[in-house]
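Results of the structural survey
Spelled out, the chains give:
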Amino acid sequence: MTIRKVASLCLALAATLAFALPIQAADTQVAVRSLRGTDVIGPSLEPDVPKVPNDRGALPRDFVQQPPLIPHDIRNYQITKNFNKCLDCHSWSRAQETGATKISVTHFRDRDGHELAGVSTRRYFCVQCHVAQTDARPLVGNTFQKSTGLQ
Ligand code: HEC
Ligand code: HEC
């Protein structure tokens, strides 16, 4: 076999493969499935997002030191370095006109117990401690009993 013949055989082989490969790829595409084993374009498996009941009165506390639960929706209430939506209603200067509970005096104390004129940075990010409530099903059981010392 001359070198020229070998070269043209190789070319012919390459051309056949070039046609064959895309057809094979198109075949396997039909069988694509997600890791969850469902059709990729099937209905969403996302559970319904639990609803936050809006605007109720203060919720009972279960132990003396408990940060009170938030009895209203807080979606889109921003807390950033420069702006705190919660303080729009809960700050001492706004509470009377908005009807919101004033933030506690403990929120004006720094970690060494010094009293401050404004909210302490320790208490600035309200949702570190205060949480809104939803009607979500508990993910794990618990045996917590309400404190009996609470009057
Ligand atoms: C538009 C005004 C408004 C904004 C903004 C607001 N609140 Fe309130 N909040 C209220 C009112 C009014 C109540 C009182 C409900 C009641 O007791 O009847 C309340 C109640 C609460 C309570 C319960 C207090 C208690 O004694 O049980 C907490 C905790 C609370 N809010 C936290 C927050 C947090 C945290 C934010 C920001 C993420 C926030 N609120 C934003 C109006 C507001
Ligand atoms: C580090 C946890 C923590 C952070 C952060 C925090 N709180 Fe509290 N908050 C508490 C605890 C604990 C109580 C109940 C005991 C007390 O009064 O200190 C409370 C009480 C309250 C009360 C009820 C006051 C009363 O007189 O019954 C309101 C309203 C409140 N917080 C709002 C806020 C708001 C608004 C912010 C953000 C600016 C905030 N808190 C940040 C822990 C926190």
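Residue indices follow the written sequence of each chain, beginning from 1 at its first position. By the order in which they are written, chains take letters starting at A while ligands take numbers starting at 1. Only residues with pLDDT of at least 70 get local features here, since the model is predicted, and only at 80 or more are side-chain atom pairs given and counted; chain-wide, interface and lining totals rely on the full set of residues. Excluded from the side-chain calculation are hydrogens and water; included are all heavy atoms of the structure.

A word on the site of ligand 1
- A molecule or strand has a residue near it when one of that residue's heavy atoms lies within 4 Å. In the neighbourhood of ligand 1, 21 residues make up the surrounding shell, with Pro 68, His 72, Cys 86, Cys 89 and His 90 lying closest.
- Backbone polar atom of Ala 58 to an oxygen atom of ligand 1: 3.4 Å apart, as the coordinates give it.
- Polar contacts, as counted here, are pairs of nitrogen or oxygen atoms within 3.5 Å of one another; within protein the pair requires one atom able to donate a hydrogen and one able to accept it, and residues that are adjacent in sequence qualify only if both atoms are side-chain atoms. Taking Arg 61, its side chain carries an N or O atom lying 3.3 Å from an oxygen atom of ligand 1.
- Per element, the largest residue contribution to the shell around ligand 1 is four residues, and it comes from helix α2 (residues 85-90).
- Tallied by class, residues from the shell around ligand 1 come to 11 nonpolar, seven polar and three charged. Each helix corresponds to a stretch of at least 4 residues labelled H or I by DSSP, and each strand to a stretch of at least 2 residues labelled E; elements are numbered beginning at the N terminus. Each residue receives one of three labels: charged for Asp, Glu, Lys and Arg, nonpolar for Ala, Val, Leu, Ile, Met, Phe, Trp, Tyr, Cys and Pro, and polar for the others, Gly being one of them.

Points about the coordination of the iron atom of ligand 1
- The rule for donors is simple: N, O or S, within 2.8 Å of the metal, or within 3.2 Å if the metal is Na, K or Ca. Water isn't counted, so a site may look like it is missing partners. Bound to the iron atom of ligand 1 on the protein side are His 72 (NE2) and His 90 (NE2), at distances that span 2.0 to 2.1 Å.
- Taken together, the six donor atoms surrounding the iron atom of ligand 1 define angles of 86 to 179 degrees at the centre, an arrangement classified as octahedral. In this pair, His 72 is assigned in the loop between α1 (3-29) and α2 and His 90 in helix α2, connecting sequence segments 18 residues apart.
- The exposure class of His 90 is partly exposed, given its relative accessible area of 23%. Angle rules define the geometry names used: all angles between 85 and 135 degrees makes four donors tetrahedral, while opposite donors over 155 degrees apart and all other angles between 65 and 115 make four donors square planar and six octahedral, leaving every other case irregular. When a residue's accessible area, from a 1.4 Å probe over protein chains only, is under 20% of the maximum for its type it is buried; when over 50% it is exposed; and in between it is partly exposed.

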